[in-house]
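Survey of secondary and tertiary structure
Listed here are the chains, written in short residue letters.
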Amino acid sequence: MSNLKEKTAKGLLWGGMGNGMIQLLGALFGIVLLRLLTPADYGKIAVLIVFSNIASNLQESGFIAALCNKKEPTHEDYNAVFWFNIGVGMMIYAILYFCAPLIADFYHEPILKPLSRLFFLGFVISAFGTVQRAYLFKHLMVKQTNIISVCALIISNVIGITLVIFGYAFWGLAIQSIVYVLVVALLNWYYSPWRPTFHIDLMPAWKMFGFSCKLLLTNLFNNLNAQVFSVLLGRFYNTTIVGFYNNARKWDDMCINTINGMVSGVAQPVLAEVRDDRVRYCQVFRKMLRFICFVSFPAMFGMGLIAREFILIAVGEKWLESAILLSMLSVYGAFFPIMTLYSNMAISRGKSGINLFCTISICVLVWIGLIIIHPYGLKAMIVFFVAINILWLFVWHYFAWRMVRLSLWSVLKDIIPFLFISLAVMLFTWWVTKPIENIYIAITAKILIAAALYISVMYFSKAKIMRESIGYIFRKIDN
């Protein structure tokens, strides 16, 4: 028990520190790039991401989670997945290469033909490091994973910004993406001790495919869900509108990934380790849930509170239309890590079919709803998107109850206090700072007041999760 707690806490700590550093660096580089680029330039890359993500999912095929879920994966398991990933990656790139003209026609942007052929090279390169990444994930090597991400982020963004300064605009973004996956693949090899052999036998991969194929479909539909706005806005509107939306989504995702990365790096391995003890399993799940709510609600609602001032200060008035979109998306972001935790529960229980059903269902509902609603404008589309994703948490919980008999009341007791306190703090802060006109004073006041109020309420209400988190950090500092 103590060993598992230590591993979980260590993973959460390194996940938080690493993801915080990654998102901070990403934010700084993102500010520079957005000041140099126009919304139309940014939108051209955004509309291609859905194709790249789908191709990456097909190439990886859910084998990272499948390898992690095996008690003792063998060299033959890793080797089979390695060669499978490379073969599939090259085959899919060839298909997309010849589909590039169709993509350009779909968005009415001829430049997307050569741009997509360059941009899609990234997932071919990433295929060479997928199994090494699976090894790091399986062995909870969160520290090494974060070092890889930070190094790749710095190197790729320096190259991307340099190219944009010299006038390459969206071409610079495409090359930046390729450099990022190249550095990640190389460092995955450096940190992982596993090496492939040329004895190619795909049978072990085929035996895992029954589990991994459901995760593959799940990841495909997750990406379709995440990229639905880029596709529909690019088709029904234009790449400038896509640029505004994706700027808002970029900042929202950075906040989400900081929180989500802390949990997703440890949730599945830890839950899989205690899956044979239902009572202990539920205790571990609820503790992770409380930690998520403790961090996610104030962070994401706080992002929505300062969205206008943040956009104006960070990237300038030309991106101001993104501010209201960011405020709306921050509500979705507050609940997203909870969805991820439920998803990890299903995977850790070996129920990838539940994960698949929930993901496909919500994706179909979102696509149909947004296609119907799109004539009413982007804001109406976002309201629907946020509402349907939050309501779907009740469906996730139904399956959680079926799997481990975790009651809805227990989960609501973990969620509601943090939700109501966070909302009350942000509403009070908004009311107090509403008369302030200077954006620099306003954003400073909002952050300080909201943080002080939230920490004070948590302290005087004797929130156990806060005391445990602070205690663990101080113990690490003392050591």
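The structure we're discussing is the one just above.
Residues numbered from 1 in each chain as written. Predicted model: local features only at pLDDT ≥ 70, side-chain atom pairs only at ≥ 80, totals over all residues. Heavy atoms only, no water.

**Re the packing of helix α11 (residues 228–236) against helix α17 (residues 352–373)**
The condition is simple: Where helices are involved, their axes are fitted lines through C-alpha atoms of the stretch in contact, as for all axes, and angles between N-to-C directions lie from 0 to 180°. A run of DSSP states H or I qualifies as a helix once it reaches four residues; a run of E qualifies as a strand once it reaches two. Both are numbered from the N-terminal end. Angle categories: roughly parallel below 35 degrees, roughly antiparallel above 145, roughly perpendicular from 65 to 115, and oblique for all the rest. Definitions for this section: a left-handed crossing has its near helix turned counterclockwise from the far helix by less than a right angle. A right-handed crossing has that turn clockwise. What makes two residues a contact is simply this: any of their non-hydrogen atoms within 4.5 Å. Residue type decides the class: Asp, Glu, Lys and Arg count as charged, Ala, Val, Leu, Ile, Met, Phe, Trp, Tyr, Cys and Pro as nonpolar, and the leftover types, Gly among them, as polar.
Packing of α11 against α17 brings their axes to within 11 Å, and their N-to-C directions diverge by 25°. By the criterion of interaxial angle, the relationship of α11 to α17 is roughly parallel. Taken as a pair, α11 and α17 cross one another with a handedness that is right-handed. Seen from α11, the contacting residues are Val-228, Phe-229, Val-231 and Leu-232; seen from α17, they are Val-366, Trp-367, Leu-370 and Ile-371. Taken together, the residues of the contact of α11 with α17 sort by class into 8 nonpolar, no polar and no charged.

**Let's talk about the layout of surface pockets**
Stated precisely, the cut-off is as follows: With a 1 Å grid spanning the protein atoms alone, the term cavity applies to any set of points in which a 1.4 Å probe fits but cannot get out, the term pocket to an open set with protein on both sides within 12 Å along at least five of seven lines, and the term lining residue to any residue with an atom within 4 Å of a point. Grid points are joined across faces, edges and corners, and a volume is the space filled by probe spheres set on the points.
A volume near 540 Å³ is recorded for the second largest pocket. As for the second largest pocket, its lining consists of 25 residues, and the residues nearest its centre are Gly-304, Leu-305, Ser-327, Trp-430 and Lys-446. Those elements that place two or more of their residues in the lining of the second largest pocket are α14 (278–305), α15 (307–315), α16 (321–348), α20 (408–433) and α21 (439–460). Considering only residue class, the lining of the second largest pocket consists of 16 nonpolar, 4 polar and 5 charged.

**Quick look at the environment of Val-315**
Selection criterion: Under the scheme applied here, a residue whose accessible area is under 20% of the maximum for its type counts as buried, over 50% as exposed, and between as partly exposed, the area being computed with a 1.4 Å probe on protein chains only.
Tracing the sequence through the fold places Val-315 in helix α15. Look at Val-315 and you get buried, because its relative accessible area is 2%. Considered as a pair, Val-315 and Leu-33 are 282 residues apart in the sequence and their alpha carbons are 8.8 Å apart. Excluding residues that lie within four positions of it along the chain, Val-315 makes contacts with Ile-31, Leu-34, Arg-35, Asn-247, Trp-251 and Phe-310.

**Quick word on α14**
Selection criterion: Given a helix with a known number of residues, its expected span is that number minus one, times 1.5 Å. To get the bend at a given residue, fit one axis to the seven residues ending there, fit another to the seven starting there, and take the angle between those axes.
The end-to-end C-alpha distance of α14 is 40 Å, a good match for the 40 Å that 28 residues give at a rise of 1.5 Å each. Of all the bends in α14, the greatest reaches close to 25° and is centred on Ser-296; the proline Pro-298 follows between one and four positions later.

**Considering the packing of α17 against helix α18 (residues 378–391)**
Following both chains from N to C, one finds α17 and α18 inclined at 160°, their axes separated by 10 Å at the closest point. Between α17 and α18, the angle is such that the two are roughly antiparallel. Crossing handedness for the pair α17 and α18: right-handed. Facing α17, whose interface residues are Ile-362, Leu-365, Val-366, Gly-369, Leu-370 and Ile-373, α18 presents Ala-380, Met-381, Phe-384, Phe-385, Ile-388 and Asn-389.

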